[in-house]
Amino acid sequence: MNELIWPCPFCSLLCEEHLISDLQGKFKGIETFECDKSKDSLCNFIDIKQKVFDPICNGETIEYDLAVLEASRMIKKSKNPIFCGLGVDVGGARSIVKLASKTNAILDHEHGESLSKITRSLQSKGAFFTSLSEIKSRADVLVFIGKDVHAKKNCLYKKVIKDDGVNTKKRFISYGNIFDSSDELITSLQNLSAFQKNKNFAACSQYNRSFFDELSDFTYIALVWDPANYPEDADAIADILLEIIRDLNIKRRGGILTLSGDDGAITMQSVMSWMTGLPLRTSFTTRGLRHDPNKFSCKKIIKQRTTDLVIWVSCFDTEIPEYVINCKQPLIVFGHYKTSRLLNFKNLDNFVFIPVATPGIDIDGHLIRCDSVVTVPLKKIIDSPLPSLQSVLTRML
């Protein structure tokens, strides 16, 4: 048996995990994982107990070609579809943008709320972003801001700290994990920013005084946070962190690293920007492109019934939000074959489910890392008869 290095596609950090392979490099088993999410997701996606690859139409299994034809018919009939979910790799993202441009569709990611707010902050305030590579080589302290809801702190530690003794002196500090709400975190960050600008600021909290003193000996400070932990207030937090890091760079060096981008969010956002010049929450119309981050929220559009067709695409997750499952519009779902169990359980009408391969599991692909600097190649580790999303959507163009 040999060791197989596997970039995990289920997290925006795209950490490398170690698998067991045979002499031909084929996946045989799982070694001890440092990340529970990687292990759980991999076990879920390669579970061989259910190998039903048949598409479903209105609760009945049908042939794959017939399902593709039915989905194509529904899309062509629609006048205002919305593509949402969008958990895809680079190839799948390009195909979605191409198909959307020909169908007057709206595009929004499952994590569109935090994505759009970060984009809004970037457009209005600017940015002081840093990358994982720069943090690894230069930063002497990493400050993890807020809660670690998605358990990324340990993965980040593994990415940044070397085992050769070179970077073992890096410090990890938590800030704001004691606060229960985003309002408390924002208030504390505003208080810290005010104290940073004026050391005579009498209203500075003792928490911030102690934190500021703790940072005094460091020369390169990296502020790390995950906007997905605070989707409703991501823009407010981004604005304050930018103000703090901007003042810090007057005498020292610092940068901000966002850990957003799970479920292919950064990949979809990047590809959309490459191909159209606009971010997600954009509508393709006969008069051109229209971007409106408030109006083109998939959750709002579905609940307000301003679309006549919902197309959910998710290659990296088997769960579907309730607002999608309970939508009153016709529904098309592209995703992992296990998603069919949820759809059958809900006993839905007027829907088509088409199973597709998962990049990094049963097909090769590419994903963009959370810092938007590196495009990581994904290699398949198991064989399956499922086609890629890209090949299926190409048949519909």
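Read on for a plain summary of the structure. Bear in mind that the values here come from a model prediction, so they are computed numbers and not experimental data.

### Re the overall build of the protein chain
Across its full length, the protein chain holds 14 helices and 18 strands. For 397 residues, the compact-globule formula gives about 21 Å, and the C-alpha radius of gyration of the protein chain, at 22 Å, lands near that figure. For the protein chain, the C-alpha atoms occupy an extent of roughly 70 × 55 × 35 Å along the three principal directions. Here the protein chain holds 397 residues, and the buried ones make up 55% of them. Intrachain contacts of the protein chain at a sequence separation of at least 6 include 65% that bridge at least 24 residues. Of the roughly 18000 Å² that the protein chain leaves accessible, carbon and sulfur atoms contribute 49%. Within the protein chain, one finds 50 positive and 48 negative side-chain charges whose respective centroids are separated by 5 Å.

### Remarks on helix 2 (residues 64-77)
Taking 1.5 Å of rise per residue, 14 residues should cover 20 Å, and helix 2 covers 20 Å from first to last C-alpha, within 8% of that figure. For helix 2, the set of buried residues is Y64, A67, V68, A71, S72, M74 and I75. Looking straight down helix 2, one finds its buried side chains confined to an arc of 160°; they lie on one side. Facing away from the buried surface of helix 2 by more than 90 degrees, the exposed residues are L69, K76 and K77.

### Describing the sheet that holds strand 11 (residues 253-258)
Here we have four strands laid out as an open sheet, ordered 9-8-10-11, and parallel in their pairing. Each edge of the open sheet carries a strand with a single partner, namely strand 9 (171-175) and strand 11. Neighbour to neighbour, the strand axes of the sheet diverge by 20° on average, direction disregarded. The sheet contact formed by strand 8 (residues 141-145) and strand 10 (residues 220-225) spans four bridges and is parallel.

### Regarding helix 14 (residues 389-396)
Those residues of helix 14 that fall on the buried side of the exposure criterion are L389, V392, L393 and M396. Buried residues of helix 14, viewed axially, fall in a sector of 95°; they line one side. Buried residues along helix 14 sit against helix 2, helix 3 (90-101), strand 14 (309-314), strand 15 (331-335) and strand 16 (351-355).

### Here's the deal with the pattern of salt bridges
Opposite charge on two side chains lets them pair, provided their charged atoms get close. With the rule as written, the count across this model stands at 17 salt bridges. R73 is the salt-bridge partner of E70, the closest N and O atoms lying 2.6 Å from each other. Here the residue E70 and the residue R73 both occupy positions in helix 2, the gap between them amounting to three residues, near one helical turn. By relative accessible area, which is 22% here, E70 ends up partly exposed. Salt bridges here are not isolated pairs; linked through shared partners, they connect K37, K152, D226 and D262.

What counts as what
Residues numbered from 1 in each chain as written. Predicted model: local features only at pLDDT ≥ 70, side-chain atom pairs only at ≥ 80, totals over all residues. Heavy atoms only, no water. Helix = DSSP H or I, 4+ residues; strand = E, 2+ residues; numbered from the N terminus. Rg over C-alpha atoms; globule rule 2.2 N^0.38 Å. Buried < 20%, exposed > 50% of the residue type's maximum accessible area, 1.4 Å probe, protein only. Contact = heavy atoms within 4.5 Å. Areas by Shrake-Rupley, 256 points an atom, 1.4 Å probe, with all protein chains shown as cover. Lys, Arg positive; Asp, Glu negative; His and termini not counted. Charge placed at Lys NZ, Arg CZ, Asp CG, Glu CD. Expected span 1.5 Å × (residues − 1). Arc of directions from axis to C-beta. Pairing = 2+ DSSP bridges. Axes fitted to C-alpha atoms, helices over the stretch in contact; angles between N-to-C directions. Salt bridge = Lys/Arg side-chain N within 4 Å of Asp/Glu carboxyl O.

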